[in-house]
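# Chains, contacts and geometry: an overview
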Amino acid sequence: MPSPLTPSSGAADIRVGLAGFGPAGAFFHAPLIAATPGLRLSAVVTRDPGRAARVRAEHPGAEVVASAEDLWDACDLVVIATPNRTHVPLATEALKAGLPVVVDKPLAGTADEARDLVRLARDRGIMLTVFQNRRWDGDFLTLRRLLPELGEIRRFESRFERWRPEPKGGWREAGGPEDVGGTLFDLGSHLVDQALTLFGPVAHVYAETDVRRAGIRNDDDAFVALTHRSGTRSHLWMSAVAGQPGPRLRVLGSRAAYVKWGLDPQEERLRAGERPGPADFGRGTERRDDWGTEPRDPGGTEPRDPGGTEPRDPGGTEPRDPGGTEPRDLGGREPRGSWGTEPPGRWGTLGVEGDVRPVRTEAGAYQRFYEGVVACLRDGAPPPVPAEEAVETIAVLEAARLSASLGQVVPVPAHGDRLGE
């Protein structure tokens, strides 16, 4: 467990250095950092004059610097939101400089690189975490709440599909293998992480990837089928060329099904310049007494029983609790704060044919990620997303890439002792 942080400046807030001010840095990290109590955005790395001007306009207290090396002596926490190929070298430098690190997904291009980062952070007792913000999508939080009503989960269908027939250009679409671009490692990082969080380790993978648009090199349309060791099957779609996207979630259980259309509204709101307000922080941080969502055993077989007081889930579908921040069931009332809420017209439905009812979507809560970072650095709490779990995600994505190239099912080795555990 990383030691609690004492900022070198002696200031009350943790000084955050943000490397990168492209879409990830500008629309996700910077606004959430600026809104989180206990954090202060102190420096941003960008060489682009237009982005530098935007930093000064939107975050006037932050210094604009030319390189990540300028952050090492100017902050207490480094956030890496640069192109994927730079995640590993920058995170390595920051950790060697003694700084805790947040890395945007994917943590690395290969599971071996990710394991090396995890070992480095562990050996030095420094926090390393990965920005898997989609664990706090409202639809995902809602599904976690509904799992007991669904029974044994037979199939989990999950989609991030968009309609972008004209390529935007840039490394994600036109870069080479070293750039770690393409929709499989981009949107697939979220989809696989959610599936692993809900249903545990994967035994084998089948995948299909395609390049559908002219002028690009990386996959823009992909399908991944996972067979979890628990027996659940996850079918995951990610696409930039879906003229009519399918349901965001379709979850088939032994007792009922849950179907949800439409994407979580938080990304749209962040891109529009909105941020969570003060009333949204600290919301939903107490666990429901009947939730029982301790993390799975690293071997992926048994959920932990804290104190012997919680019943096990006979369906084997107890999800991990990212940061210990499950939403409290408010009996249909809206929680305080309005960030991440959806109108009733966008709620999903629960039930079986002939007996289906709408269910309230939990308020999405991306702010919980950085709340968890503060708790980790200040109080020694677990990181909001353990980096070891990001290694598992990348291992599955690597297997999917291999499966697509071979056209066959690929086994995924058990996580076991590959990190020297």
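Refer to the structure above for everything that follows.
Please read these numbers as outputs of a predicted model, since none were measured by experiment. (Residues numbered from 1 in each chain as written. Predicted model: local features only at pLDDT ≥ 70, side-chain atom pairs only at ≥ 80, totals over all residues. Heavy atoms only, no water.)

### Some remarks on the side chain of Thr-46
The condition is simple: Each helix is a run of DSSP H or I of at least 4 residues and each strand a run of E of at least 2, with the numbering of both proceeding from the N terminus. The buried label applies to any residue whose accessible area, calculated with a 1.4 Å probe on protein chains only, is under 20% of its type's maximum; exposed applies above 50%, and partly exposed to all values in between. For the purposes of these results, a polar contact is taken to be a pair of N or O atoms within 3.5 Å, where, inside protein, one atom must be able to donate a hydrogen and its partner to accept one; residues adjacent in sequence count only when each atom of the pair is a side-chain atom. Here a residue-residue contact requires only that any non-hydrogen atoms of the pair lie within 4.5 Å.
Within the secondary structure layout, Thr-46 lies in the loop between β2 (39-45) and α2 (49-58). Since its relative accessible area comes to 9%, Thr-46 is described here as buried. There is a polar contact of 3.3 Å between the side chain of Thr-46 and the backbone nitrogen of Asp-48. Beyond its immediate stretch of four places on either side in the chain, Thr-46 contacts Phe-21, Arg-51, Ala-52, Val-64, Val-65 and Ala-66.

### Concerning the packing of aromatic side chains
The cut-off we apply is this: Here the aromatic set is Phe, Tyr and Trp, taking the six-membered ring for Trp, and pairing holds for ring centres within 6.5 Å; pairs whose planes are under 30 degrees apart are stacked, those over 60 apart are edge-to-face, and all others are tilted.
Using the criterion set out here, one finds 7 aromatic pairs in the structure. Measuring from centroid to centroid gives 6.5 Å for Phe-28 and Phe-131, while their planes differ by 70 degrees, and the two rings are edge-to-face. Taken together, the residues span a long stretch of sequence, with Phe-28 in helix α1 (residues 23-35) and Phe-131 in strand β6 (residues 128-131) at a distance of 103 residues. Phe-131 matches Phe-28 in its accessibility class, with the two residues each being buried. Among the aromatic residues, those joined into a ring-pair cluster are Phe-28, Phe-131, Trp-136, Phe-369 and Tyr-370.

### Describing the sheet that holds strand β11 (residues 249-253)
Stated precisely, the cut-off is as follows: A pair of strands counts as paired when DSSP detects no fewer than two bridges linking them. Note on geometry: axes are C-alpha line fits, over the in-contact stretch for helices, and angles between N-to-C directions span 0 to 180 degrees.
Read across the open sheet, the 9 strands follow the order β14-β13-β12-β11-β7-β10-β9-β8-β15; overall the sheet is mixed. Lying at the two open borders of the sheet, with one neighbouring strand each, are β14 (355-359) and β15 (410-411). Of the strand pairs in this sheet, strand β8 (residues 202-210) and β15 are connected by 2 bridges, and their pairing is antiparallel. Its bridge partner being in β15, His-204 is matched across the sheet by Pro-411. Lying over the sheet, helix α7 (residues 183-199) contacts β7 (153-161), β8, β9 (221-228) and β10 (233-239), oriented at roughly 155 degrees with respect to β10. The strands that helix α10 (residues 387-406) touches are β8, β9 and β15; relative to β8, the one it contacts most, it runs at about 55 degrees.

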